[in-house]
Amino acid sequence: MNEKTHRWWVLAICCTSTFLVGVDTTAVNVALPSIGRELRLGVPELEWTVDAYTLVLASLLITSGALADRIGRRRVFRIGLVLFALGSVGCAVAPDLPALVVARVLQGVGGSMLSPVALAIVVSAITDPRERAQAIGMWAAVFGLSMAAGPVLSGVLISGPGWRAVFWANLPIIGIVLALSAAYVPESRSPRPRRLDPPGQALLSILVAAVVAVLIEGPRVGWWSGWSIGAYVVIAAAAPIFVRVQATRAEPLMELSLFRRLSFTAAVGGAVVVFLALNVTLLLGTLYLQQVRGLSPVAAGAVTLPMALAATVCAPISGYLVGRVGPRLPLRLAGASIAAGGVLLVGLGDRTAMAVLLVAYLFAGIGVGFANAPITNTAVSGLPPARSGVAGGIASTARQVGAALGIALAGGLVAEPAAGGLAAATRPGWALVASCGGLLLLVAQASPATGSQNRFGTRASRLA
């Protein structure tokens, strides 16, 4: 096998892990109503089955990337696969909410070792900037494909064996990836690995958990209840302490100096915005289609196909454009498309034409497809290749923070629908999606012009 073929085998193996994580996320969203009926859970409890996973994922991604740089990327990648498999088994046999949440936490620990580490393996294997941009486009395309497979696979499994089969289905994929990674993925690590940052890790976990917890529980317990005020105090204390600790450590969890670069900050902010919009769309759409329109899980999954297929088609085009003309054009296309999808559903009602829903999902998919490659490429280019695990961790953390916030905000809207019903309760969420598209247009303006990414990467190397 020649060197180029081997590189693309490595990409395929790492993309499969992304497919696994993406399928699990979208499949669980479609499965939420079925999980709620069997375990007798309301919307706030269902939110925790999703956000228990995303909270842990967001909190540990950067540390997992740094750990992989230190002890070996393939080793950490394979440990992550095993933990994800154990968590999947735990979810499949969970008898109640506490057991399901614990299993989802274990999945989150494993997942934190997959996305950033797999991306670091790809970056270390594919070093040519143009080829790497195209590879990241393929990476994003696989994410779109996972969105296509997740809802449909979930719907088929729920209609047959039931929602627990959604988690059992992870195991064959994990087995294949474990076998192929042993055969094709070389071990790699940074020649100058970073030290771990336990204080920074603890503070980041507390900060992210407190923000998402108050968004989930605030509508139920009251925004000015004693519990919520306590959460605000934790957030107000943890945020400045985290910044101070990171600024004083020689090798911090986050390179705060990188955030002085507008393009890097825009990429991280763009990742939050895109995944916030995506998860609001997935959760509100799933609940609306099944609870208001009465669609089966299979039919609800099929309605999301335009979004998933558009993301799959547009992602490699986006990667090509990033390699040729830079990130601004694909980000502008992404922002305009996400905004259009949100605007179409701002007036959603119980009898909105299905064609409107399909077109809105199509625009959302175009937006997600065009957004991922330029955001990921800019973020990864912000650190030297020797620290690609940390770079992948920062980008992936931003995505998961956006996902957790999206689930929390969307769940708060529909936790107790007003007199107008669930459809009317979702309307502020669609306005939020449209606003995310507008913010992404601003991110595009702040992103580097053609040819500036390499200069950014070089200067970031001096900062690091």
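Quantities reported herein were computed from a predicted structural model and do not represent experimental measurements.

1. So, the overall build of the protein
- Tallying secondary structure elements over the protein gives 19 helices and 0 strands in all.
- Across the 464 residues in the protein, those meeting the buried criterion constitute 58%.
- Pairs at least 24 residues apart make up 86% of the contacts formed inside the protein by residues separated by at least 6 positions.
- On the protein, roughly 16,900 Å² of surface is accessible, and the fraction owed to carbon and sulfur atoms is 67%.

2. Topic: the environment of Ala12
- Within the element layout of this structure, Ala12 appears in helix 1 (residues 3-39).
- Residue classification places Ala12 among the partly exposed positions, given a relative accessible area of 37%.

3. Concerning the layout of surface pockets
- In this structure, the largest pocket encloses a volume near 370 Å³.
- Along its surface, the largest pocket is lined by 18 residues, and Leu204, Val208, Met254, Thr397 and Val401 are the ones closest to its centre.
- Contributing elements (two or more residues each) for the lining of the largest pocket: helix 9 (198-221), helix 10 (226-248), helix 11 (262-292) and helix 16 (388-414).

4. As for the packing of aromatic side chains
- Following the criterion strictly, the structure yields 4 aromatic pairs and no others.
- With a centroid separation of 6.4 Å and 75° between ring planes, the pair formed by Tyr53 and Phe84 is classed as edge-to-face. Taken together, the positions of Tyr53 in helix 2 (residues 43-71) and Phe84 in helix 3 (residues 73-93) put the pair 31 residues apart, joining distant regions of the chain.
- We classify Phe84 as buried; its relative accessible area is 0%.
- Consider the rings of Trp224 and Tyr232, whose centres lie 5.6 Å apart with planes at 65°: the pair is edge-to-face.

5. Quick look at the pattern of salt bridges
- Applying the stated rule across the entire model yields 3 salt bridges.
- With a shortest N-O distance of 2.9 Å, Glu38 and Arg164 are connected by a salt bridge. Residue Glu38 is located in helix 1, and its partner Arg164 is located in helix 7 (residues 164-168); the two are separated by 126 residues in the primary sequence.
- Taking the relative accessible area as the measure of exposure, Glu38 reaches 45% and is therefore partly exposed.

6. Concerning the packing of helix 3 against helix 8 (residues 170-184)
- Across the interface, helix 3 lies against helix 8 with an axial gap of 10 Å and an inter-helix angle of 165°. The angle between helix 3 and helix 8 falls in the class roughly antiparallel. In this structure, helix 3 meets helix 8 at a crossing whose hand is left-handed. Taken together, the residues of helix 8 that come into contact with helix 3 (itself represented by Arg74, Phe77, Arg78, Leu81, Val82, Phe84, Ala85, Ser88 and Val89) are Asn170, Leu171, Ile174, Val177, Leu178, Ser181 and Ala182.

7. Description of the nonpolar core
- With 95 residues, the main nonpolar core has Ile35 and Leu440 as its most contacted residues.
- For this core, the element with the most residues is helix 11, which contributes 17 residues.
- Look past the residues within four positions of Leu440 in its chain and what remains in contact with it is Gly270, Val274, Leu331, Ala334, Gly335, Ile338, Ala371 and Ile375.
- Listed in part, the 31 residues of the second largest apolar core include Leu11, Val122, Ala135 and Val185.

8. What to know about the side chain of Ser154
- With respect to the helices and strands, the residue Ser154 is situated in helix 6 (residues 129-159).
- Judged by relative accessible area, Ser154 falls into the buried class, the value being 1%.
- Sequence-distant contacts of Ser154, that is, excluding residues within four places in its chain, are made with Ala27, Val30, Ala31, Ala149 and Val166.

9. Re unusual backbone geometry
- For Arg40, which is not glycine, the phi torsion reads 60° and is therefore positive.
- If you trace the backbone, Arg40 turns up in the loop between helix 1 and helix 2.

10. Remarks on a nonpolar patch on the surface
- On the surface, a cluster of nonpolar side chains totalling about 480 Å² of accessible area is made up of Trp223, Trp224, Ile229 and Val233.
- Note that Trp224 resides in the loop between helix 9 and helix 10.

11. Overview of the state of the cysteines
- The tally for this structure, following the rule as stated, stands at 0 disulfides.
- A disulfide-free cysteine, Cys15 has its sulfur positioned 7.3 Å from the sulfur of Cys14, the nearest such atom.

12. Description of helix 2
- Taking 1.5 Å of rise per residue, the 29 residues of helix 2 would be expected to cover 42 Å, and the 41 Å separating its terminal C-alpha atoms lies within 8% of that figure.
- Most of helix 2 is tucked away: 23 of the 29 residues are buried.
- With its phi angle positive at about 125°, Gly72 sits one or two positions after the end of helix 2.

13. Re helix 8
- For helix 8, built from 15 residues, the straight-helix expectation of 21 Å at 1.5 Å per residue is met to within 8% by its first-to-last C-alpha distance of 21 Å.
- Among all positions of helix 8, only Asn170, Ile174, Val177 and Ser181 are buried. Buried residues in helix 8, looked at end-on, bunch into an arc of 65°, giving them a common side. Exposed and facing more than 90 degrees away from the buried side of helix 8 are Pro172, Ile176, Ala179 and Ala183.

14. As for the environment of Pro98
- Relative to the assigned elements, Pro98 resides in helix 4 (residues 97-112).
- Of the residues examined, Pro98 reaches a relative accessible area of 55% and is grouped as exposed.

15. A word on the confidence of the model for the protein
- Model confidence for the protein is summarised by a mean pLDDT of 82, while 89% of its residues fall at 70 or above.
- Here residues 451-464 is a poorly scored stretch, pLDDT under 50, and it has 25 contacts once near neighbours within four places are set aside; other chains count.

About the criteria used
Residues numbered from 1 in each chain as written. Predicted model: local features only at pLDDT ≥ 70, side-chain atom pairs only at ≥ 80, totals over all residues. Heavy atoms only, no water. Helix = DSSP H or I, 4+ residues; strand = E, 2+ residues; numbered from the N terminus. Buried < 20%, exposed > 50% of the residue type's maximum accessible area, 1.4 Å probe, protein only. Contact = heavy atoms within 4.5 Å. Areas by Shrake-Rupley, 256 points an atom, 1.4 Å probe, with all protein chains shown as cover. 1 Å grid on protein atoms, 1.4 Å probe; cavity = no way out; pocket = protein on both sides within 12 Å on 5 of 7 lines; lining within 4 Å. Points joined across faces, edges and corners; volume = space filled by probe spheres on them. Phe/Tyr/Trp six-rings, centres within 6.5 Å; stacked < 30°, edge-to-face > 60°. Salt bridge = Lys/Arg side-chain N within 4 Å of Asp/Glu carboxyl O. Axes fitted to C-alpha atoms, helices over the stretch in contact; angles between N-to-C directions. Parallel < 35°, antiparallel > 145°, perpendicular 65-115°, else oblique. Left-handed = near helix turned anticlockwise from the far one by under 90°. Core = buried A, V, L, I, M, F, W, Y, C linked by side-chain atoms within 4.5 Å. Patch = residues over 30% accessible without salt bridge, like charges linked within 9 Å, V, L, I, M, F, W, Y side chains within 5 Å. Disulfide = S-S within 2.5 Å. Expected span 1.5 Å × (residues − 1). Arc of directions from axis to C-beta. pLDDT = per-residue confidence, 0-100.

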